[in-house]
Amino acid sequence: MGTDPISLIISTFAQLYIHIMLVRFLLQISGADYYNPLSQSIVKITQPVLTPLQRLLPKVGRIDISPLITAFVLVVALYCVLLLIKGYALQEGLGIVLLSSVAYTINAILNIYFYAVIGSVIISWIAPGSYHPAPQLIMQLTEPLFKLFQKVIPSIGGLDLSPIFIFLAIQLIQSQLAQLIIRLY
């Protein structure tokens, strides 16, 4: 549709790595099993990039913020590279690039949670208590979010309504984020 192949390839691989970096951060926040084979794969993929930053950045409590900062820096770099490929000067739009990068990072985190909640709901219907590493990791990722919403919204007759309200909250935040981005341009 008018996107050159080089930009598409760069964008696809960069976004994939950014999402893997954000998943690592979210797994750490949720307290997911570090020894899960999928967690170990994510750590192996991201550790070479994170090692120098982990030495520089202190942990915030028990949370290593280097994956989040690395993901943000990668988004900024991606936007800068794509602007340079298209022939734009970076000096004119650096502020917009930084704000767009913040919005992209928040939106990516929300998308990860959106699809993880969908996966968690499906898993709870089809294979509750599964011992496979993928469903376990998805359930561990979403469990803190479910507990947060279940404190506010009690179950009705054994029916947990928290996923519906999680979806609404995600959609509300994403719509406000989209309006903010539109105002920037």
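Numbering of residues starts from 1 in each chain and follows the order in which that chain's sequence is written. Only residues with pLDDT of at least 70 get local features here, since the model is predicted, and only at 80 or more are side-chain atom pairs given and counted; chain-wide, interface and lining totals rely on the full set of residues. For side-chain calculations, the full set of non-hydrogen atoms in the structure is used, while hydrogens and water are omitted.

Caption draft 1: View of the packing of aromatic side chains. Two aromatic rings from Phe, Tyr or Trp, using only the six-membered ring of Trp, form a pair when their centres are within 6.5 Å; if the ring planes differ by under 30 degrees the pair is stacked, by over 60 it is edge-to-face, and anything between is tilted. Applying the stated criterion across every chain yields a total of four aromatic pairs. Geometrically, the ring pair formed by Phe114 and Tyr115 is edge-to-face, given 5.3 Å between the ring centres and 90 degrees between the ring planes. To sort residues, take the accessible area from a 1.4 Å probe on protein chains only and compare it with the maximum for the residue type: under 20% means buried, over 50% means exposed, and anything in between is partly exposed. Given a relative accessible area of 57%, Tyr115 falls into the exposed group.

Caption draft 2: Seen up close, the side chain of Arg24. By the criteria applied, helices consist of DSSP H or I runs no shorter than four residues and strands consist of E runs no shorter than two, each listed in order from the N terminus. Inspection of the secondary structure puts Arg24 in helix 1 (residues 5-30). Excluding residues that lie within four positions of it along the chain, Arg24 makes contacts with Ile42, Val43, Thr46, Gln47, Leu50, Gln54 and Pro67. The contact definition used throughout considers only heavy atoms, calling two residues in contact when any of these lie within 4.5 Å.

Caption draft 3: Layout of the pattern of salt bridges. Salt bridge, as used here: a side-chain nitrogen of Lys or Arg that lies within 4 Å of a carboxyl oxygen of Asp or Glu. For the structure on display, the rule yields one salt bridge. With its nearest N and O atoms 3.2 Å apart, the salt bridge here joins Glu143 to Lys147. Of the two residues, Glu143 and Lys147 are both situated in helix 5 (residues 133-152); the distance of four residues between them amounts to about one turn of the helix. Under the relative-accessibility criterion, Glu143 is labelled partly exposed at 38%.

Caption draft 4: The arrangement of the confidence of the model for the protein chain in detail. Note on scores: pLDDT gives the predictor's confidence for each residue, bounded by 0 and 100. Mean pLDDT over the protein chain stands at 88; residues scoring 70 or higher make up 96%. Per-residue pLDDT, averaged within each element of the protein chain, yields its smallest value for helix 6 (residues 162-184) (86) and its largest for helix 1 (93).

Caption draft 5: Layout of the side chain of Ser39. Position of Ser39 relative to the elements: it lies in helix 2 (residues 37-56). Side-chain polar atoms of Ser39 contact the backbone oxygen of Asp33, separated by 2.9 Å. In this structure Ser39 touches Leu27, Asp33, Tyr34 and Leu137, once residues within four positions along its chain are discounted. Polar contact criterion, stated in full: a pair of N or O atoms within 3.5 Å, where within protein one must be able to donate a hydrogen and the other to accept it, and residues adjacent in sequence count only if both atoms are side-chain atoms.

Caption draft 6: Structural detail: the packing of helix 1 against helix 5. Every angle, taken between N-to-C directions, lies between 0 and 180 degrees, and every axis is a line fitted to C-alpha atoms, over only the stretch in contact when it is a helix. Put simply, helix 1 and helix 5 touch, their axes get as near as 8 Å, and they point 65 degrees apart. With respect to each other, helix 1 and helix 5 are oriented roughly perpendicular. Between helix 1 and helix 5 lies a crossing whose hand is left-handed. Contacts from Leu26, Leu27 and Ser30 of helix 1 reach helix 5 at Leu137, Gln140, Leu141 and Pro144. Reported orientations rely on four angle classes, namely roughly parallel under 35 degrees, roughly antiparallel over 145, roughly perpendicular from 65 to 115, and oblique for the rest. Note on convention: near helix rotated counterclockwise from far helix by under a right angle means a left-handed crossing. Clockwise means right-handed.

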